[in-house]
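Letter by letter, the chains look like this.
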Amino acid sequence: GCALNDLGAVNAFADEVSKLGRLDGALLIAGVDGAPRASDGVDPHFRINYLSHALLARRLLPQLRKSRGRVVTVSSEALLDSDLSLSRLDEGLVAQRGASPHVAYANSKACCVLLADGLKAR
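Just so you know, these numbers come straight off a predicted model, no measurement behind them.

Thresholds applied
Residues numbered from 1 in each chain as written. Predicted model: local features only at pLDDT ≥ 70, side-chain atom pairs only at ≥ 80, totals over all residues. Heavy atoms only, no water. Helix = DSSP H or I, 4+ residues; strand = E, 2+ residues; numbered from the N terminus. Buried < 20%, exposed > 50% of the residue type's maximum accessible area, 1.4 Å probe, protein only. Contact = heavy atoms within 4.5 Å. Areas by Shrake-Rupley, 256 points an atom, 1.4 Å probe, with all protein chains shown as cover. Expected span 1.5 Å × (residues − 1). Arc of directions from axis to C-beta. Patch = residues over 30% accessible without salt bridge, like charges linked within 9 Å, V, L, I, M, F, W, Y side chains within 5 Å. Salt bridge = Lys/Arg side-chain N within 4 Å of Asp/Glu carboxyl O. Core = buried A, V, L, I, M, F, W, Y, C linked by side-chain atoms within 4.5 Å. Phe/Tyr/Trp six-rings, centres within 6.5 Å; stacked < 30°, edge-to-face > 60°.

Describing the overall build of the chain
Looking only at helices and strands, the chain features 4 helices and 2 strands. In the chain, the succession of helices and strands from N to C terminus is α-β-α-β-α-α. For the chain, buried positions account for 36% of its 122 residues. In the chain, 76% of the contacts between residues at least 6 apart in sequence involve partners at least 24 apart. Accessible surface for the chain amounts to roughly 7100 Å². Of this, 54% is attributable to carbon and sulfur atoms.

Right under this line is the structure:
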């Protein structure tokens, strides 16, 4: 397993997976909704639902490319409740200032769609 709320653990997990050799796919499905605000100011929805997935995908891409593997990213219909604005990503996503837990979850799931689109381009 991998503690997705700890990006160091995600890196360690990627290191372990890289020792396996062939990798046919990665399923980025884990998510949390309604999590309490983190003490470090990084929204847990954003960290767990998006940042950990983006980091893991980035770390595994070279291995996936070698074996022509795929990445599957799962989002949620909740993304329709997102108030995500690409023009204010730097000010809003990290702290989710004033966002309800549901909107924070919806924003993180909208980011998952952007991640999938970005991975498709690679």
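A closer look at helix α1 (residues 7-18)
Relative to the 16 Å expected for 12 residues at 1.5 Å per residue, α1 spans 16 Å between its end C-alpha atoms, a close match to the ideal helical length. Where α1 is concerned, the buried positions are Val10, Ala14 and Val17. Each buried residue of α1 lies within a common arc of 60 degrees when the element is viewed along its axis, so the set occupies one face. Lining the buried residues of α1 we find α2 (44-66).

Focus on the side chain of His53
Its location among the elements puts His53 in helix α2. Beyond its immediate stretch of four places on either side in the chain, His53 contacts Leu4, Leu28, Ile29, Ala30, Ile48, Cys112 and Leu115.

As for a nonpolar patch on the surface
A cluster of nonpolar residues, Leu27, Ile29 and Val72, forms a patch on the protein surface that exposes about 280 Å² of accessible area. Mapped onto the elements, Leu27 comes out in strand β1 (residues 25-28).

Looking at the environment of Val113
Along the chain, Val113 turns up in helix α4 (residues 101-121). Overall, the relative accessible area of 41% leaves Val113 in the partly exposed class. Sequence-wise, Val113 and Thr73 are 40 residues apart; in three dimensions their C-alpha atoms are separated by 7.5 Å. Filtering out sequence-adjacent residues up to four positions away, Val113 remains in contact with Ser75 and Leu79.

Some remarks on the nonpolar core
The tendency in soluble globular proteins is for nonpolar side chains to be buried side by side. If you look at the biggest cluster of nonpolar residues, it comprises 17 residues, and the most contacted ones within it are Leu56 and Leu60. Mapped by element, the contributors of at least two residues to this core are α1, β1, α2 and α4. Of all the elements, α2 adds the most residues to this core, at 8 residues. In this structure, Leu60 is in contact with Ala14, Val17, Leu23 and Ala26, ignoring residues within four places of it in sequence.

Remarks on the packing of aromatic side chains
Across all of its chains, the model carries 1 aromatic pair by this definition. A ring pair is formed by Phe46 and Tyr50, whose centres lie 5.4 Å apart and whose planes are at 25 degrees; its orientation type is stacked. Here Tyr50 and Phe46 lie together in helix α2, a separation of 4 residues that amounts to about one turn.

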